[in-house]
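# Residue-level structural notes
Each chain is listed here by its residues.
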Amino acid sequence: MSPTLVILLVGSCVAASCALIGSFLVLRKMALLGDAISHAVLPGIVIAFLITGDRAALPMVLGAGALGVITVMLVELFNRSRRLKEDASIGVVFPALFSLGVILISRYAAQVDLDLDCVLYGEIAYAPWDTLTLGGTDLGPKALWVNGSVLLLVLLFVLIFFKELKISTFDAGLAASLGFSPVLIHYLLMSMVSVTVVGAFESVGAILVVAMLVVPPATAYLLTDRLGTMLGLAVGVGVASALGGYGLARAWDASIAGAMAMVAGLLFLAALLFSPSHGLLARLLQLWRMGRRLSGQLLLLHLRKEGEVVPVSTLERRFGWTAPRLRRVLSGLLRSGWVEREGEGLRLTPRGAEVLETTGRAQLAHKL
Amino acid sequence: MELTFTARNVLIGATLLGALGGTLGSFALLRRQSLLGDALAHAALPGVCIAYLITGTKSPLPLFAGALVAGLIGSLLILATVRWSRIKEDSAIGIVLSVFFGVGIVLLTFIQKLPAGNQSGLDKYLFGQAATLVEDDLKVMAVLGAVVVAFVVAFYKEFKLLSFDPGFGSSLGLPMRRLEVLLTLLLVVVVVVGLQTVGVVLIVATLITPAAAARQWTDRLGAMLLLSAGIGAASGAVGSLASASLSRLPTGPVIVLVSSSVLIVSLLLAPQRGILWARVRERQAAERIRRENLLKDLYLLGERKADWATALTWPHLMGVRGQTGRELSRSARPLIADGLAEQIGDTLRLTPAGRKEAEQVVRKHRIWEVYLNRRLELPSDHVHRDAEAMEHTLSELAVAELEEALGFPESDPHGSPIPPRRSQRAAS
């Protein structure tokens, strides 16, 4: 396998598993708990290092998983004690655990083959050369094995618990009344976050895991209202960020993980601006159309009230509109055939009256 | 202890930063924006890099300016995204935090490949290297810190309103939105000041942890600000001294662990809000309820036969509330010790003093029943359970006032007599 392919595969695996799990974090408004976990697993990883003495994958995953669950439990303990709000609970727990990890690394630097820079922004570029050997045979890059397994695990988790995750995410009360324990699902999800994070840790680092966890799902969230579609889109955006980021990093000779986050950010920005359903431009357009429709209705109502030909010149003063605005509104109404010109004046057509009648009734029904 | 020049710089810097972080963090904590500081710190990184690329120097002022601008842009983006799209605040913070940081890392790796890049020393902004603090940094910190404190003092009242009741502030005609931006700006300044000392990741702790600890001790904003600044400064001082005297102990993380310990102690032991005291109070309340229930049980069983002299057997009493023998003994022990009940072999009965005590509990119960029945017009078979709870919480004064308001009723809705008020005869 060529090194490039390995990096692309590892990046795609990380992006896909983060996107799947991250979608639920974003929907549950727990994006920052993901951030907290991604930092707080550090001491777990270091302790696993110290105990086993090497970078064996399984103890690391276990150590990180344990710390992830401890983080969630501590945050909830503080939160439930009602002495701290949730944001503050997160804000005090993860720096403390991260500090513990950093101190452990510095104190036992001799035993711990873990670079602090690597903790923050990972080094996916080394992935092809750190290979897994079992009984003397070379099985290929370790990162690929680890992240491939994580992806498989996450996929299984989402497939098996899809219904439970869906219900407890959108309606925790209903989930509880149907007999699913939202608390159990919550802790399962958090354990999966920890596992995903530790898999991604070495490749993209503690902070850029957050980019992979939050940005692609948030992008997908702007594009659809359906959970299944959102998961698919999030994975797509995540993988696109990973591949695009790699290309960018090669072109600029810069950090791969950083470039991935950057591409993800650009994709998010594009969705934020141009999403057909929830983008800012679409919203502006919608507001503008609504304004125009309202103006047209006002004008029709006025014509009906007057009941005869109304000179155009009085309309400007009557509504306080600028001349271009009046022209725009009028041209729309004329084109629809709802009003007609008569000399210098305007008159409501029978069709215009009919339209006014039906929209009025529809709006009334809507209000009732 | 003899301090080296570097250690002295670190000590001054960490103490200063702790005090500033504690002050501004208090507002962030109260406004539930604890993690905004985290996002700002990460967002500042590309600013530092761009400032370096433009000016080519690593003197503190341009880098500060770059970080400041980037932090501000980040915070405005968060505000705008939340206001104008369906993205929620937590996601917005996570996105700005991680994407800005990613851009920063890209720039950083780019800079390190420049000819002069390796000596740029920009990576100290990641984890913070307090040891690289020089006198110039301290001067910048001191000046910016003084400006921040001056603003907080000048706008104290306005920031207080912003933290507790922004709606009321607007109704007074104060420009709350502009004040919010000003407070965020001050927060950015403090975050940027702290980057070099404790680094991107741990900034949030210098803001929030001292504030969260201080919050436990007081309900007054002024006191909280001072206390939070004090805790921050002390954590900074202790942390920097510890890391100076022990080898391989990074300053930032040690400071965070010191302030986290203060937080844990505060959560447990603060006089009003301390979790430990709350537990003690809960236990005391539970014990009082057990005691009053047993008194009442003994009284009611006696009342049924108008005979309080005959002692009741243990199994009989256990049956009343379905208690185990051990539970009953636990309730009975304090009564016996206070001379309110006496144990004769395997039986228990009220002493005259105990009967007086029990009358008061029953009195509260029955007057409350009358109140519910007459004033709230609850049917008489619906009032007992509520009275079971209220008998333990009503004060004697409240019951006396209720009794008067109800026209001194003689019996409860079920026809049982209401015992008289604690007799004054003993006193006269």
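Residues numbered from 1 in each chain as written. Chains lettered and ligands numbered in written order. Predicted model: local features only at pLDDT ≥ 70, side-chain atom pairs only at ≥ 80, totals over all residues.

## Focus on the overall build of chain B
Per the secondary structure count, chain B includes 17 helices and 3 strands. Taken over the C-alpha trace, chain B has a radius of gyration of 32 Å; the compact-globule value for 428 residues is 22 Å, which it surpasses by more than 25%. In terms of overall dimensions, chain B has a C-alpha envelope of 100 × 55 × 40 Å along the principal axes. For chain B, restricting intrachain contacts to residue pairs at least 6 apart in sequence, the fraction spanning at least 24 positions comes to 70%. (Helix = DSSP H or I, 4+ residues; strand = E, 2+ residues; numbered from the N terminus. Rg over C-alpha atoms; globule rule 2.2 N^0.38 Å. Contact = placed C-beta atoms within 7 Å.)

## Overview of the domain arrangement of chain B
Residues and elements named next belong to chain B. Under the domain assignment used here, chain B contains domain 1 (5–273), domain 2 (295–350) and domain 3 (354–428). Summarising the inter-unit geometry, the C-alpha centres of domain 2 and domain 3 are found 22 Å apart. Every contact between the two is made by 9 residues of domain 2 and, on the other side, 7 residues of domain 3. Among the elements that make up the side of domain 2 that touches domain 3, the one with the highest residue count is helix α12 (residues 275–304) (4 residues). Of the residues assigned to the side of domain 2 that touches domain 3, the class counts are 8 nonpolar, no polar and 1 charged. (Domains from an automatic or database assignment. Nonpolar A, V, L, I, M, F, W, Y, C, P; charged D, E, K, R; others polar.)

## A short note on the environment of Met224 of chain B
All names here are of chain B. Summarising the element assignment, Met224 is placed in helix α10 (residues 221–245). Counting along the chain gives 12 residues from Met224 to Ala212, while the straight-line C-alpha distance between them is 9.4 Å. When sequence neighbours within four positions are dropped, the list of residues in contact with Met224 reads Ser26, Ala214, Arg215 and Thr218.

## Structural notes on the interface of chain A and chain B
Taken together, the 53 residues of chain A in the interface contact 51 residues of chain B. Only α2 (31–40), α5 (86–107), α6 (116–121), α10 (182–221) and α12 (256–274) of chain A provide two or more residues apiece to the side of chain A that touches chain B. The greatest single-element share of the side of chain A that touches chain B, amounting to 14 residues, is contributed by α5 of chain A. Residues of the side of chain A that touches chain B, tallied by class, amount to 36 nonpolar, 9 polar and 8 charged.

## Here's the deal with the sheet that holds strand β5 (residues 345–348) of chain A
Residue and element names in this part refer to chain A. Taken together, 3 strands build an open sheet; the order of strands is β3-β5-β4 and the sheet is antiparallel. The open sheet has two edge strands, β3 (310–311) and β4 (339–342), and neither has a second partner. Sitting on the sheet, helix α13 (residues 280–306) is in contact with β3, β4 and β5, with an inclination near 90° to β5. (Pairing = 2+ DSSP bridges. Axes fitted to C-alpha atoms, helices over the stretch in contact; angles between N-to-C directions.)

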